[in-house]
Amino acid sequence: MLGDEELLPTAQAATLEILHSTVMKDPDGPTFEARLRLLAGASVDDGSAVGAAARVAQVLLEEWHEAQEEA
């Protein structure tokens, strides 16, 4: 999903934060997608950690959409 390269520490932290704030709270599908969309809309202009989180959220959102199409 993210490739074979090692994640940068900020991306690692961002991934954990995304998982904690979305998946671990067991939201319904629309809430999960809305949270990912909001975060995916950020950029490095919002700060490097937020930018890293945005990139991770974009990947997760793409995977979410693919999973929804398969279901």
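Above this text is the structure in question.
Because the structure is predicted, anything quoted here is derived from the model rather than measured.

1. Some details on helix H2 (residues 29-40)
Inference 1: Over its 12 residues, H2 extends 16 Å from the first C-alpha to the last, a length consistent with the 16 Å expected when each residue adds 1.5 Å.
Inference 2: Among all positions of H2, only Phe-32, Glu-33, Leu-36 and Ala-40 are buried. One face of H2 carries all of its buried residues, which in axial projection span an arc of 95°. Projecting away from the buried face of H2 at angles above 90 degrees are the exposed residues Pro-30 and Leu-38.

2. Looking at helix H3 (residues 48-70)
Inference 1: The end-to-end C-alpha distance of H3, which contains 23 residues, comes to 34 Å, matching closely the 33 Å that a straight helix rising 1.5 Å per residue would cover.
Inference 2: Residues of H3 that are buried include every one of Gly-51, Ala-52, Ala-53, Ala-54, Val-56, Ala-57, Leu-60 and Leu-61, and no others.

3. Some details on the pattern of salt bridges
Inference 1: Under the definition given, this model contains 1 salt bridge.
Inference 2: A salt bridge links Arg-37 to Glu-33; its shortest N-O distance comes to 2.8 Å. With Arg-37 and Glu-33 both in helix H2 and 4 residues apart, this pair spans about one turn of that helix.

4. With respect to a negative patch on the surface
Inference 1: Together, Glu-62, Glu-63, Glu-66, Glu-69 and Glu-70 give the surface a local cluster of negative charge.
Inference 2: As for its position among the elements, Glu-63 is in helix H3.
Inference 3: Using a relative accessible area of 33% as the deciding quantity, one classes Glu-63 as partly exposed.

5. Quick word on the environment of Ile-18
Inference 1: Within the fold, Ile-18 resides in helix H1 (residues 9-21).
Inference 2: Judged by relative accessible area, which is 2%, Ile-18 ranks as buried.
Inference 3: Counting along the chain gives 21 residues from Ile-18 to Leu-39, while the straight-line C-alpha distance between them is 8.8 Å.

6. A short note on the environment of Ser-48
Inference 1: Within the secondary structure layout, Ser-48 lies in helix H3.
Inference 2: Between the C-alpha atoms of Ser-48 and Thr-10, which are 38 residues apart in sequence, the distance is 7.7 Å.

What counts, and where the lines are drawn
Residues numbered from 1 in each chain as written. Predicted model: local features only at pLDDT ≥ 70, side-chain atom pairs only at ≥ 80, totals over all residues. Heavy atoms only, no water. Helix = DSSP H or I, 4+ residues; strand = E, 2+ residues; numbered from the N terminus. Expected span 1.5 Å × (residues − 1). Buried < 20%, exposed > 50% of the residue type's maximum accessible area, 1.4 Å probe, protein only. Arc of directions from axis to C-beta. Salt bridge = Lys/Arg side-chain N within 4 Å of Asp/Glu carboxyl O. Patch = residues over 30% accessible without salt bridge, like charges linked within 9 Å, V, L, I, M, F, W, Y side chains within 5 Å. Areas by Shrake-Rupley, 256 points an atom, 1.4 Å probe, with all protein chains shown as cover. Lys, Arg positive; Asp, Glu negative; His and termini not counted. Charge placed at Lys NZ, Arg CZ, Asp CG, Glu CD.

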